[in-house]
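Structure assessment
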Amino acid sequence: MKILVTVKEVAAVEDDFEIDGLAIDERYLEYDLNEWDDYAVESAVQIAEAADEDVEVVAATIGPERSEETIRMALAKGADRAVRVWDDAIADQQLLDVNAKVSVFEQVVAEEEPDLVLTGVQAADDSFGATGVALANRVDYQWAAVVNDLDYAAGDERATVRRELEGGVEEITEVDLPAVLSIQTGINEPRYASLRGIRQAQQKEITPFDLADLGLDAESVDGALELTAMYEPESESDATIFEGDAEETAAELAGVLRDKGVVGE
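The name an unreviewed UniProt entry assigns to the protein chain is Electron transfer flavoprotein beta subunit, from the organism Halolamina salifodinae. Taken directly from UniProt, the Sequence similarities (unreviewed entry) text for the protein chain runs: "Belongs to the ETF beta-subunit/FixA family."

Written out as structure tokens, the structure is:
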């Protein structure tokens, strides 16, 4: 059996940062594995560990060579190998939209032929939250989105999932394999990468692909979205700061509350 987990390197921005044109200056970015994908990796590894048969867990990412450091975290946590897709045509995109990502992952699925695909519900940077379902539609797999509980054993023909719906409603349903499941945070407790796992990850295979390797061309990643501006939104606040000792500030606060009608005279 084979489980494919799509993972993404995302950037966290420092509190103080500068915008350079249509991007945040690299000096203020720190890269890490997307939080939702961490839970997807853990779900896949748990299935593999509980299996009576061989289960291969393959991590797949779209990202530059720099992202190999991040994807090795997935390998350190138990994934067996990884594939990384990058191309000059992808690098030229200001914003890789869902359709472009799915075009790439569709070919990865065709290459790997997994029985189960796990994705994170969304990414912390663009927050599209649509890649898993869109991929399932493209490759004609069954799907379930926003899965917060998964009952599945390797070799079974279907998985039982609990998924979040709108308004706090939850649904329990069965999904036939092959399937794509988008995994929600809280479904499990992602493990820390052990020192042994980190060392082993350095020896695990990360296979690089460009678009041509997957039978794609530059047009396949041309997105419909265009990034036109980037700015820090202005913060509007009527906050009043009281200075002085506790007695003075308490008296000032009481006066404001009386003026606002919150407390009586």
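Picking up after the structure, the text goes on.
This part covers the side chain of Thr6. Relative to the assigned elements, Thr6 resides in strand β1 (residues 2-6). Look at Thr6 and you get buried, because its relative accessible area is 7%.

Our focus in this paragraph is the packing of helix α4 (residues 98-112) against helix α5 (residues 131-139). Relative to each other, α4 and α5 sit at 50°, their axes nearing to 9 Å. One way to sum up the angle between α4 and α5 is to call them oblique. For the pair α4 and α5, the sense of crossing is right-handed. Residue-level inspection shows Val98, Asn99, Lys101, Val102, Ser103, Phe105, Glu106 and Val109 of α4 in contact with α5, the latter providing Thr131, Ala134, Leu135, Arg138 and Val139. A breakdown of the residues in the contact of α4 with α5 according to their chemical character gives seven nonpolar, three polar and three charged.

In this section: the UniProt feature "domain: Electron transfer flavoprotein alpha/beta-subunit N-terminal" (unreviewed entry) in the protein chain. This chain's UniProt record puts "domain: Electron transfer flavoprotein alpha/beta-subunit N-terminal" (unreviewed entry) on residues 21-218. With 30% helix and 29% strand, residues 21-218 has its two end C-alpha atoms placed 24 Å apart.

This structure, assessed with the given rule, holds 16 salt bridges. We note a salt bridge from Arg138 to Glu106, for which the minimum N-O separation is 3.0 Å. Of this pair, Arg138 sits in helix α5 while Glu106 is found in helix α4, placing the two residues 32 residues apart along the sequence. Classification of Arg138 by relative accessible area gives partly exposed; the value is 32%. Residue Glu106 is classed as partly exposed on the basis of its relative accessible area, which comes to 22%. Residue Asp176 pairs with Arg158 through a salt bridge whose shortest N-O separation is 3.1 Å. With Asp176 in strand β11 (residues 170-176) and Arg158 in strand β10 (residues 158-164), this pair connects stretches of sequence that are 18 residues apart. With a relative accessible area of 37%, Asp176 lands in the partly exposed category.

Position of Ala154 relative to the elements: it lies in the loop between β9 (142-151) and β10. Exposure remark for Ala154: the relative accessible area of 18% places this residue in the buried category. In the structure, Ala154 is positioned 106 residues away from Ala48 in sequence and 7.3 Å away in space, judged by C-alpha atoms. Excluding anything up to four places from it in sequence, Ala154 contacts Met1, Ile47, Ala51, Glu53 and Val55.

It is worth spelling out the sheet that holds β1 at this point. Read across the open sheet, the nine strands follow the order β11-β10-β9-β12-β8-β1-β6-β7-β13; overall the sheet is mixed. Each edge of the open sheet is held by one strand with a lone partner, namely β11 and β13 (206-209). Sheet twist, expressed as the average angle between the axes of neighbouring strands with direction ignored, equals 35°. Where β9 and strand β12 (residues 179-183) come together, four bridges link them in parallel fashion. Looking across to β12, one finds that Val147 is bridged to Ile183.

On to the pairing of strand β6 (residues 56-62), then. Most of β6 sits out of view: six of its seven residues are buried. As defined by bridge partners, β1 adjoins β6 across five bridges and the pair is classed as parallel. Considered in β6, the bridge of Ile3 is made with Val57. In this structure, β6 lies alongside strand β7 (residues 81-85), joined through five bridges in parallel fashion. The residue of β7 that forms the bridge with Ile62 is Val85. The handedness of the β6 to β7 crossover, carried by helix α2 (residues 68-76), is right-handed.

Ranked by internal contacts, the top residues of the largest apolar core, which has 35 residues, are Ile3, Val5, Leu116, Leu118, Leu181 and Ile183. Elements with a minimum of two residues in this core: β1, α1 (35-50), β6, α2, β8 (116-120), β9, β10 and β12. Counting residues per element, this core draws most heavily on α1, at six residues. The next biggest cluster of nonpolar side chains, apart from the first, holds 27 residues, and it includes Phe105, Val109, Leu211 and Val221.

With that settled, consider α5. For α5, the full list of buried residues reads Thr131, Gly132, Leu135, Ala136 and Val139. Along the long axis of α5, the arc covered by the buried residues comes to 130°, so they all point the same way. Along its buried surface, α5 packs onto α4, β8, β9 and β12. Downstream of α5 by a residue or two, Asp140 has a phi angle that is positive, lying close to 65°.

About the criteria used
Position numbers for residues count from 1 along each chain, tracking the sequence in the order it is written. Only residues with pLDDT of at least 70 are given local features in this predicted model, and only at 80 or more are side-chain atom pairs given and counted; all residues enter the totals for whole chains, interfaces and linings. Note that the side-chain values use all heavy atoms of the structure and ignore hydrogens as well as water. UniProt positions are given in the numbering used here, feature names are shortened, and annotations may be inferred rather than shown by experiment. Runs of H or I in DSSP of at least four residues are treated as helices and runs of E of at least two as strands, each being numbered from the N terminus. The classification of residues rests on relative accessible area computed with a 1.4 Å probe and restricted to protein chains. Under 20% of the type maximum is buried, over 50% is exposed, and intermediate values are partly exposed. Here an axis means a line fitted to C-alpha atoms, over the contact stretch when the element is a helix, while the angle between two N-to-C directions is reported on a 0 to 180 degree scale. Relative orientations are named as follows: roughly parallel for angles under 35 degrees, roughly antiparallel for angles over 145 degrees, roughly perpendicular for angles from 65 to 115 degrees, and oblique for any other angle. The hand of a helix crossing depends on one turn: near helix anticlockwise from the far one by less than a right angle means left-handed, and clockwise means right-handed. Whether two residues are in contact is decided by their heavy atoms: any pair within 4.5 Å suffices. By the convention adopted, Pro, Cys, Tyr, Trp, Phe, Met, Ile, Leu, Val and Ala count as nonpolar, Lys, Arg, Asp and Glu as charged, and the other residues, Gly among them, as polar. Salt-bridge detection follows one rule: a side-chain nitrogen of Lys or Arg within 4 Å of a carboxyl oxygen of Asp or Glu. In this description, strands pair whenever DSSP reports at least two bridges between them. Crossovers are marked right-handed if the path from the first strand over the helix to the second runs clockwise, as seen with the strands pointing away from the viewer. For the purposes of this section, nonpolar cores are sets of buried Ala, Val, Leu, Ile, Met, Phe, Trp, Tyr and Cys residues that join through side-chain atoms within 4.5 Å. Throughout, the arc means that of the directions going from the helix axis to the C-beta atoms.

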